[in-house]
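So the chains spell out like this:
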Amino acid sequence: MTPHALAGTLISHAAGLTSNAAAAELIAAHYTWLTRTDFVTTCVHAGTRPDRHHYAYIDWEHAITALDSHKLSCSPSEAGILRIAASLGDHHIPVHLARVLGSLDRTNIALVTTAITRANG
C-alpha cells in the first residue's frame, strides 16, 4: 500500500472517533512516518475485512516502545510528532508537551494545532 493510500485508510478506519481520527490525520499530514518501512511494518496493522473494506490502524503503544528503545531512529521533531499522535490515539500514552513542542518548526506546530483542535471535536 502506498503511503498516500495508507493515510487514507488510517483516517477512514478512525472516522467517528475524534481523537483517533486526529492522531491518524496528524501522522498522515506529517507524512514522514508513513514512508518509513520500519514503522509501517512494525507499528501499522492493515488488511481487508471479509466485506472487502480495507482497514488500518497504528499500534501506538508499540510505536512508543520502539521509539523509546531506539528501534525507530528519527529526528527530535519526528519523535515529537509521533509522541503527540500516540497520545491522541491512545489515552493511556502521556506526552510531555514542554519537551516535544520545542523541537517543532512552524509547519509542525500548525499540524499539531490542527490535530488538537480536531480531537476536541
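About the thresholds
Residues numbered from 1 in each chain as written. Predicted model: local features only at pLDDT ≥ 70, side-chain atom pairs only at ≥ 80, totals over all residues. Heavy atoms only, no water. Axes fitted to C-alpha atoms, helices over the stretch in contact; angles between N-to-C directions. Helix = DSSP H or I, 4+ residues; strand = E, 2+ residues; numbered from the N terminus. Parallel < 35°, antiparallel > 145°, perpendicular 65-115°, else oblique. Left-handed = near helix turned anticlockwise from the far one by under 90°. Contact = heavy atoms within 4.5 Å. Pairing = 2+ DSSP bridges.

A. Broad picture of the packing of helix H2 (residues 18-30) against helix H7 (residues 106-119). Between H2 and H7, whose axes approach to 8 Å, the crossing angle comes to 160°. Relative to H7, the element H2 is oriented roughly antiparallel. Every pair of crossing elements has a handedness; the one defined by H2 and H7 is right-handed. For the pair H2 and H7, the contacting residues are Thr18, Ser19, Ala21, Ala22, Glu25, Leu26, Ala29 and His30 in the first and Asn108, Leu111, Val112, Ala115, Arg118 and Ala119 in the second.

B. Here's a closer look at the pairing of strand E2 (residues 54-58). As judged from the five bridges shared by strand E1 (residues 44-48) and E2, these two strands associate in the antiparallel manner. Bridge pairing in E2 places Thr48 opposite His54. Counting the residues in the hairpin turn of E1 and E2 gives five residues, including Arg52, whose phi is positive at 70°.

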